[in-house]
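The primary structure of each chain is shown beneath.
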Amino acid sequence: LRICRKVRVPFVFRALDVSHKIRRTKFSLIVKVAERYIYRNSTWVSCNNSAMRRYCVSLGAPREKASVELPPLDLGHFLTDGSGQSQLRAKLGIEDNEIVIVYMGSFFYFSGLVQVIQKLSEVAEKPKLLLIGGGEQEAELRELVCKLGLDEYVVFTGFVGFSELPDYLAIADVAINSMQPSLVADAALPNKVLQYMAVGLPVVSTHLSGLASLFPSADGLRLVPSPEEVLRESLSIAASPNIHQMGEANRRLVANTFEKETSVDEFEKLLTRVWSSH
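Counting starts from 1 at the beginning of each chain's written sequence and moves along it residue by residue. pLDDT decides what is reported in this predicted model: residues at 70 or higher carry local features, side-chain atom pairs at 80 or more are listed and counted, and totals for whole chains, interfaces and linings draw on all residues regardless. Heavy atoms from the whole structure form the basis of all side-chain values; hydrogens and water molecules are not counted.

### Side note on the sheet that holds strand β5 (residues 128-134)
Here six strands make up an open sheet; going across it, the order is β6-β5-β4-β7-β8-β9 and the pairing parallel. Whereas interior strands pair on both sides, the edge strands pair on one side only; in this sheet they are β6 (154-158) and β9 (221-224). In this sheet, neighbouring strand axes are inclined to one another by 25° on average, regardless of whether the strands run parallel or antiparallel. Sheet topology note: the strand β7 (residues 174-177)/strand β8 (residues 203-206) ladder contains three bridges and is parallel. Note that in β8 the partner of Ile 176 across the bridge is Val 204. When DSSP locates at least two bridges between a pair of strands, those strands are taken to pair. By the criteria applied, helices consist of DSSP H or I runs no shorter than four residues and strands consist of E runs no shorter than two, each listed in order from the N terminus. Lines fitted to the C-alpha atoms define the axes, with helices restricted to the stretch that makes contact. Angles between their N-to-C directions range from 0 to 180 degrees.

Spelled out as structure tokens, the structure:
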């Protein structure tokens, strides 16, 4: 940014996360100072949702130089015919008649997965909980699963290649985003939720400001107050006769809102406006 200012090249910062809160680290304060400097001094700040924009403005981004451009989603990538579902279920130790609830992404300390697993231990008729990904919380989660005697019901896949991801998601009945509501989660737009919806899955998420601002009323997206409520609502959806209609409604919604060409076009228009007015 400082080099760009020195040579008078406009600088657009793409704001996706509350960076100083993503990891628990002794450098968080330094990262926050860097955030504030970037937001205040960039030519323009482009945010991926309105809650993120409010956060950037609160740290000094000029309101008139901060906007929301929605992220692009490659909808074609998430189309799958489900032809390999039985084989993949067998590989993962999941019976064809078992309900599958999936979480995909990084296991951040604010993931809410501890609460989901604890609630799973209290359910009489247990579904399979499919955890795709990994991260800083994985050791804690594996230890908790073992402690609660849930090894039979929780499946850790590790990280899955992007090309294989649609097939893994497609074996699920319901997808979850259990992030604990907080500054870092509220300001984010969890890309996993968009990908769940693109596959055609109904979704249960904690009520996060950024997510709720984009989907104030969606038939296939249920927003609940806390991670403790996620599993109960997921099981309710799994038992609903309208589950497939909910998934298809989600697929149509993201197709209308995050179409790749439209999103890229809007971002290019922003860059052109910033350049022409600089």
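### Remarks on the packing of aromatic side chains
Pairing of aromatic rings covers Phe, Tyr and the six-membered ring of Trp, with a centre-to-centre limit of 6.5 Å; geometry is then stacked below 30 degrees between planes, edge-to-face above 60, and tilted otherwise. Under the defined criterion, the tally for this structure stands at seven aromatic pairs. Ring geometry for Phe 108 against Phe 110: centres 5.0 Å apart, planes inclined by 10°, an arrangement best described as stacked. As far as burial versus exposure is concerned, Phe 108 and Phe 110 are alike and both buried. Measuring from centroid to centroid gives 5.1 Å for Tyr 109 and Phe 110, while their planes differ by 90°, and the two rings are edge-to-face. Site record: aromatic cluster; members linked through ring pairs are Phe 13, Tyr 39 and Tyr 55. Distance and angle both matter: a charge sits over a ring if NZ of Lys or CZ of Arg is within 6 Å of the ring centre and within 35 degrees of the ring normal. The positively charged end of Lys 126 is found above the aromatic ring belonging to Tyr 153, 5.9 Å away from the centroid. Residue placement shows Arg 142 over the ring face of Phe 156; its charged tip is 4.3 Å from the ring centre. Buried, partly exposed and exposed residues are distinguished by accessible area as a fraction of the type maximum, computed with a 1.4 Å probe on protein chains only: under 20%, between the cut-offs, and over 50%, respectively.

### Let's talk about helix α7 (residues 138-147)
Those residues of α7 that fall on the buried side of the exposure criterion are Leu 141, Leu 144 and Val 145. Looking straight down α7, one finds its buried side chains confined to an arc of 100°; they lie on one side. For α7, the exposed residues set more than 90 degrees away from the buried face come down to Ala 139, Glu 143, Cys 146 and Lys 147. Buried-residue contacts for α7 involve α6 (113-120) and β6. Trailing α7 by a residue or two, Gly 149 shows a phi angle of about 70°, which is positive. Along the arc lie the directions from the helix axis toward the C-beta atoms. Contacts: residue pairs with any heavy atoms within 4.5 Å of one another.

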